[in-house]
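Fold and contact review
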Amino acid sequence: MSIICGTDLSAASSGALDVALALAELRGHDEVILVHVADPDLGAPASREPALEHARQELAALASSKARPAVKIRWELIYGPPDETLASFADTESSDLIVIAARSTSSTLLRLGTTASQLIARAQVPVLVVRNPEPWLAFARKERPLRLLLGVDDSATCDLSMQLLHHLRTLGPIELVLGAIYYPDDAAEHYGLHAKGMVDSDPEIEQLLQRDLLRRFGGDLTGVCAHARRGLGRIGDHVVELAREENVDAIVVGTGQKTGLGRLGSVSSIIVNDAPQSVICVPPQARIPTRSVPLLRAALVATDLSGFSNRAVPYAFALTEPDAEVHVVHTVKEDAEVDTAEITQLLASLAPTGAKQKLIPHVVVGDDAAKAIAQTAARLGVDVICIASHGRAGITRAIVGSVADRLLRATRLPVLVLRPA
């Protein structure tokens, strides 16, 4: 894997090359590819060739002046639409990172800063948009930690961003802020809580969100903190504001790679355009090795106390760590008259003999069993849900529905479904 540095031969791009070289040396790479994409509007062939020759000389001089003993610079001059050409070149070279400058003052050569959003929308590898190279260089010199903010959402791209950060933390000290923007009504619905208002922050929700951010990131949490912020407007604006308050050096964010008018509301586009810090954008196609394996430290298993449904309980114990908590949940209708103490005792008796995990019984009230289970799992902060499906079919399934099926749509957590024989 190689690092590609896109350059328009401006002073800003020179700083981006310094960052690319520093990261390459930290990663043990022996080469950085310096790429200049010639402007398609350079004019007629007669006037184009002198400009291209000038670009070749500039590239050669820049590569010579920046050369390091441990990392060589291979320069390439290519011609075509800047975003498409650079993204395609990165794919051809099996690169795993593109580094560009955020701003450019060049008027006749490719202005990479003006095409950053288009490149981010096309690239299949992470793109580092450098605004201030000094924090990265100080990090590489081991002079100080690099302070980063990860904008967290529920996407798989965010999981890739987390794995990228786990890799960066192997290169040197990093102070990491996990930031999430929440809307009180959505968050209250997710956790099964009463929404206290749309304007004010909700400390209970923020505490739950911050717990979940840290557990989701996993691994060694030294130097890692979490912040949940109530949202009122665009998420991207809130992330930029949080980055400023936390005084970070760079923002890391996943991108859905929206194009056209959709890019106007894209969180990553807002951040790239408005943030004063450097930005790393991670696309959904990025091939980033998994470096932190999720630990199943808490599980929820739902049962209706039937013999088959209870068979899901041992699976929750089998999946989790020996010191984990297993929450066994039974749901009842809101108007049901039940002996809660008796049900709790029955749930507590379902622990497998010799199990080391702690079984915690819950009787949950709710007319929609799947929704109640999903909300309880979110509120308790479990890592996996186990449930048995009674395997109804035909008209019975259409009328009664399947709790397991509805649960899969109601929760963001992995669900193990035990099927009938």
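Anyway, here's the lowdown on the structure attached to this text.

Moving on, we get to the overall build of the protein chain. When helices and strands are counted, the protein chain shows 16 helices and 15 strands. With the C-alpha coordinates of the protein chain rotated into their principal frame, the extents come out at 90 × 45 × 40 Å. The proportion of buried residues among the 421 residues of the protein chain is 50%. Partitioning the intrachain contacts of the protein chain with sequence separation of at least 6 by distance along the chain shows that 77% fall at a separation of at least 24. Just so you have it, the protein chain exposes about 19500 Å², and 52% of that area is on carbon and sulfur atoms. When the 41 positive and 50 negative side-chain charges of the protein chain are each reduced to one mean point, those points stand 2 Å apart.

The next point concerns the pattern of salt bridges. Under the counting rule described, the total for this entry stands at 24 salt bridges. Note that R74 is salt-bridged to E76, the shortest N-O span being 2.9 Å. Between K196 and D202 there is a salt bridge, and its shortest N-O distance comes to 3.8 Å. K196 gets classed as exposed once you look at its relative accessible area, which sits at 58%. Members of the salt-bridge network, linked through shared partners, are E31, R74, E76 and E93.

Among soluble globular proteins, nonpolar side chains are generally buried collectively. In terms of nonpolar packing, the biggest core is built from 52 residues, with L128, L176 and L178 touching the most fellow members. Considering every element that reaches this core, the biggest residue donor is helix α1 (residues 11–26), with 8 residues. The contact partners of L176, leaving out residues within four places of it in the chain, are L148, L150, L165, F217, G223, V224 and C225. Core analysis: the next-biggest nonpolar cluster, separate from the first, contains 34 residues, V35, I78, V177 and V253 among them.

Turning to unusual backbone geometry, a few remarks are in order. In this model, N247 sits at a positive phi of 55°, which is unusual for a non-glycine residue. Looking at N247, the relative accessible area reads 60%, which means it is exposed.

Here is what the cut-offs are and how they apply
Residues numbered from 1 in each chain as written. Predicted model: local features only at pLDDT ≥ 70, side-chain atom pairs only at ≥ 80, totals over all residues. Heavy atoms only, no water. Helix = DSSP H or I, 4+ residues; strand = E, 2+ residues; numbered from the N terminus. Buried < 20%, exposed > 50% of the residue type's maximum accessible area, 1.4 Å probe, protein only. Contact = heavy atoms within 4.5 Å. Areas by Shrake-Rupley, 256 points an atom, 1.4 Å probe, with all protein chains shown as cover. Lys, Arg positive; Asp, Glu negative; His and termini not counted. Charge placed at Lys NZ, Arg CZ, Asp CG, Glu CD. Salt bridge = Lys/Arg side-chain N within 4 Å of Asp/Glu carboxyl O. Core = buried A, V, L, I, M, F, W, Y, C linked by side-chain atoms within 4.5 Å.

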